[in-house]
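Reading the structure
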Amino acid sequence: MNSAIKRFHVEVCGQIIELHLTDDGLILDGQEVEWTCEYLSSGRLSLIVNGQSHLVHVHPQEGGHATITIDGQTLETHVQDERTRLLNQFGFERTVSDAARNLLAPMPGLVLAVLVQPGDEVTAGQGLLVLEAMKMENELRAKTGARIKAIHVNEGEAVSRKALLMEFE
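First, a word on scope: everything that follows refers to the structure included in this document. None of the values given here were measured: they were computed from a predicted structure.

1. Overview of empty space enclosed by the protein
Taken as a whole and assessed by the stated rule, the structure comprises 2 cavities of 30 Å³ or more. In this structure, the second largest cavity spans a volume of roughly 40 Å³. Around the second largest cavity sit Arg83, Leu86, Met107, Ala133, Met134, Met136 and Asn138, which together line it. Every element with two or more residues in the lining of the second largest cavity is listed here: α1 (82-89) and β14 (136-141).

2. Here we look at the pairing of strand β13 (residues 127-133)
In summary, the side chains of a regular strand alternate between the two faces of the sheet. Where burial is concerned, most of β13 is hidden: 6 out of the 7 residues are buried. Pairing of strand β11 (residues 109-114) with β13 involves 4 bridges; the strand directions are antiparallel. Considered in β13, the bridge of alanine 113 is made with valine 130. Two elements, β13 and β14, share 6 bridges in a ladder whose sense is antiparallel.

3. Observations concerning the sheet that holds strand β17 (residues 164-168)
Strand order in this open sheet of 4 strands is β10-β17-β15-β12, and the pairing throughout is antiparallel. On the outer flanks of this sheet lie β10 (102-104) and β12 (121-122), each paired with one strand and no other.

4. Side note on the pairing of β11
Two elements, β11 and strand β16 (residues 158-159), share 2 bridges in a ladder whose sense is antiparallel. Directly across from glycine 109, in β16, lies its bridge partner valine 159.

5. Quick notes on the sheet that holds β13
If you trace the 4 strands from one edge of the open sheet to the other, you get β14-β13-β11-β16, paired in antiparallel fashion. Two strands in the sheet have a free side with no partner beyond their single neighbour: β14 and β16.

6. Topic: unusual backbone geometry
Of note in this structure, aspartate 29 is not a glycine but carries a positive phi near 50 degrees. On the secondary structure map, aspartate 29 appears in the loop between β3 (26-28) and β4 (31-33). For aspartate 29, a relative accessible area of 46% corresponds to the partly exposed category. The backbone phi angle of lysine 162 is positive, close to 70 degrees, even though this residue is not glycine. For lysine 162, the position within the fold is in the loop between β16 and β17. Overall, the relative accessible area of 39% leaves lysine 162 in the partly exposed class.

Reading the values: the criteria
- Residues numbered from 1 in each chain as written.
- Predicted model: local features only at pLDDT ≥ 70, side-chain atom pairs only at ≥ 80, totals over all residues.
- Heavy atoms only, no water.
- 1 Å grid on protein atoms, 1.4 Å probe; cavity = no way out; pocket = protein on both sides within 12 Å on 5 of 7 lines; lining within 4 Å.
- Points joined across faces, edges and corners; volume = space filled by probe spheres on them.
- Helix = DSSP H or I, 4+ residues; strand = E, 2+ residues; numbered from the N terminus.
- Buried < 20%, exposed > 50% of the residue type's maximum accessible area, 1.4 Å probe, protein only.
- Pairing = 2+ DSSP bridges.

Set out below in structure tokens:
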């Protein structure tokens, strides 16, 4: 099995399903599954799982929620990747105003790389800093476009949860 695994936790009808996508296949709640997927059009796909074909319509919503219709049956789902699940587990909370002005450490960790400098203009989604936590490298990204006002950490520095990493103008 390839080491490149994308892990997701999917809540469907109150049940949590662990989904691991690898370069070699799909593992669903610990069971390897044969599957193929073909995108038909926006939000529609053909999914073959263990030899059975399914027509799927996905209607994404905010916050990882989606309405999925599989073979005519509609289900409400909530999907979290492993990083988001861990952040929620640690109780990471941030106000919108704080998010607009400051980048706070979502968890304790080690600053591996600072990707920007004071005065830099950044765009939404641009990488700002790489934080190692629990043996995982997490690239923290800009939520919106902004100018870097100040950077409060250096590469190699250990930080605590909610530590101020950088400020935006």
